Amino acid sequence: MTTPPPYLVIAAELRRRVQVGELAPGDRVPSTRAITREWGVAMATATKALAVLRQEGLVRPEPGVGTVVAPSATGTRTPAEDRTATPLTRREVVDAALGLADAEGLHTLTMRRVATTLGVSTMTLYRHVPGKPELIRLMTDAACGEVPLGPAPAHWRTGLEQGARWLRDVYARHPWLAHAMASYTRPVATPNAMAYTEWMLRAMRGTPLSHTQKLYTHLVIFAYVQGLSMADDLEEQARQDSGISDGEWMEQNEPRFDAIQSGGSYPELALVTSGGGFGLDLRTLFEFGLGRTLDGIASMIDETSG
């Protein structure tokens, strides 16, 4: 008897969990990283297993959540069957790609995977999007256009703070976006991304800063928020890959840190970390760094005014 390939074995087990109710409609199914940990397989195998379930209509990507069990109903049609009745739209392509990237990361996104999710051939996607780079550009524009910024406040500091928090929230909903927008000399040309830049510049309209200083100020804040958001994404990947929490990781590695510091070569660091009272939290770091960045901008404005 021929042994089925690992991805079909995994798909069968996940299908069983859905059928017996261990995974109910709307529940999040194991991500590709979780599958690699549970079954000890490669990421590509985990991806193929989830693709089988998507083709069967058992699961679907949910933006901001991950891959979830699809609503169960007698006679529910698969995505491929739905496609015969309803023409595919570009918005559906972008939404499906957003769901996949949100659930599993941008590195797993391919045109083939998006096509599988939608139940169409890969060539069908190319009628709506010329390729992955353009698809990512459209995804970026959609992500930046989800929540409007509203009118810019009268005071520059309130405006820049609001703009920074808005961008932080966008990256929180779509962790992959910080990496997609990582280039400063080759910015992503999308209406909604450019609208954010326009908004930030408008927030500084009443200051004495030059046009160049305003643009640099915007880029400094953008880089700060983006850097911490990329760290957030890397931290989450580390948690998923290792399967242990930040506290557990520190507990495992604390003896090594103690051994390095025991020689007395790092007295200032020892003063900060001694007694176990210091705990690094990225949200606290974000607030601290944003405040100090705005303090620096305030000093520059005061100097320019003088």
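What you are looking at is a predicted structure, and each value in this text was computed from that prediction instead of being measured.

Criteria and cut-off values
- Residues numbered from 1 in each chain as written.
- Predicted model: local features only at pLDDT ≥ 70, side-chain atom pairs only at ≥ 80, totals over all residues.
- Heavy atoms only, no water.
- Buried < 20%, exposed > 50% of the residue type's maximum accessible area, 1.4 Å probe, protein only.
- Helix = DSSP H or I, 4+ residues; strand = E, 2+ residues; numbered from the N terminus.
- Pairing = 2+ DSSP bridges.
- Phe/Tyr/Trp six-rings, centres within 6.5 Å; stacked < 30°, edge-to-face > 60°.
- Lys NZ or Arg CZ within 6 Å of the ring centre and 35° of its normal.
- Salt bridge = Lys/Arg side-chain N within 4 Å of Asp/Glu carboxyl O.
- 1 Å grid on protein atoms, 1.4 Å probe; cavity = no way out; pocket = protein on both sides within 12 Å on 5 of 7 lines; lining within 4 Å.
- Points joined across faces, edges and corners; volume = space filled by probe spheres on them.
- Expected span 1.5 Å × (residues − 1).
- Contact = heavy atoms within 4.5 Å.
- Patch = residues over 30% accessible without salt bridge, like charges linked within 9 Å, V, L, I, M, F, W, Y side chains within 5 Å.
- Areas by Shrake-Rupley, 256 points an atom, 1.4 Å probe, with all protein chains shown as cover.
- Lys, Arg positive; Asp, Glu negative; His and termini not counted.
- Charge placed at Lys NZ, Arg CZ, Asp CG, Glu CD.

All right, on to the pairing of strand E1 (residues 59-62) then. Looking along a regular strand, one sees the side chains alternate between the two faces of the sheet. Only one face of E1 is buried: it carries Val59 and Pro61, and the other face, with Arg60 and Glu62, is open. Where E1 meets strand E2 (residues 66-69), four bridges bridge the pair, whose relative direction is antiparallel. Residue Arg60 lies in a different strand from E2, and its bridge partner there is Val68.

This model, assessed by the stated rule, comprises two aromatic pairs. For the ring pair Tyr224 and Phe286, a centre distance of 6.0 Å and an interplane angle of 15° mean the geometry is stacked. A residue pair is termed long-range when its members are at least 10 positions apart, and Tyr224 in helix H12 (residues 211-242) and Phe286 in helix H15 (residues 282-305) qualify at 62 residues. Classification of Phe286 as buried rests on a relative accessible area of 4%. Across the ring face of Phe286, the terminal group of Arg168 is positioned such that the distance to the ring centre comes to 5.0 Å. Residue placement shows Arg292 over the ring face of Phe288; its charged tip is 5.3 Å from the ring centre.

Tallying each qualifying case throughout the model produces twelve salt bridges. The salt bridge involving Glu146 is made with Arg173; its shortest N-O contact spans 2.9 Å. Here the residue Glu146 occupies a position in the loop between helix H8 (132-144) and helix H9 (156-173), and Arg173 occupies one in helix H9, the gap between them amounting to 27 residues. Several salt bridges converge on common partners, so that one network encompasses Glu13, Arg16, Arg17, Glu22 and Glu38.

For the structure on display, the rule yields one cavity of 30 Å³ or more. There is about 40 Å³ of room inside the largest cavity. Forming the walls of the largest cavity are Arg28, Val29, Pro30, Ser31, Gly66, Thr67, Ala103 and Glu104. Secondary structure elements with two or more residues in the lining of the largest cavity: E2 and helix H5 (90-104).

Another point: helix H1 (residues 6-19). For an α-helix the count is 3.6 residues per turn, leaving residues at separations of three or four pointing the same way. Helix length check: H1, at 14 residues, gives a terminal C-alpha distance of 20 Å against a target of 20 Å (1.5 Å per residue), a fit within 8%. Next to the buried residues of H1 lie helix H2 (32-39), helix H3 (43-55) and E2. Count one or two residues on from H1 and you reach Gly21, which has phi positive near 95°.

This brings us to a negative patch on the surface. On the surface, a cluster of negative charge is made up of Glu248, Glu251, Glu254 and Asp258. Inspection of the secondary structure assignment puts Glu254 in helix H13 (residues 246-261).

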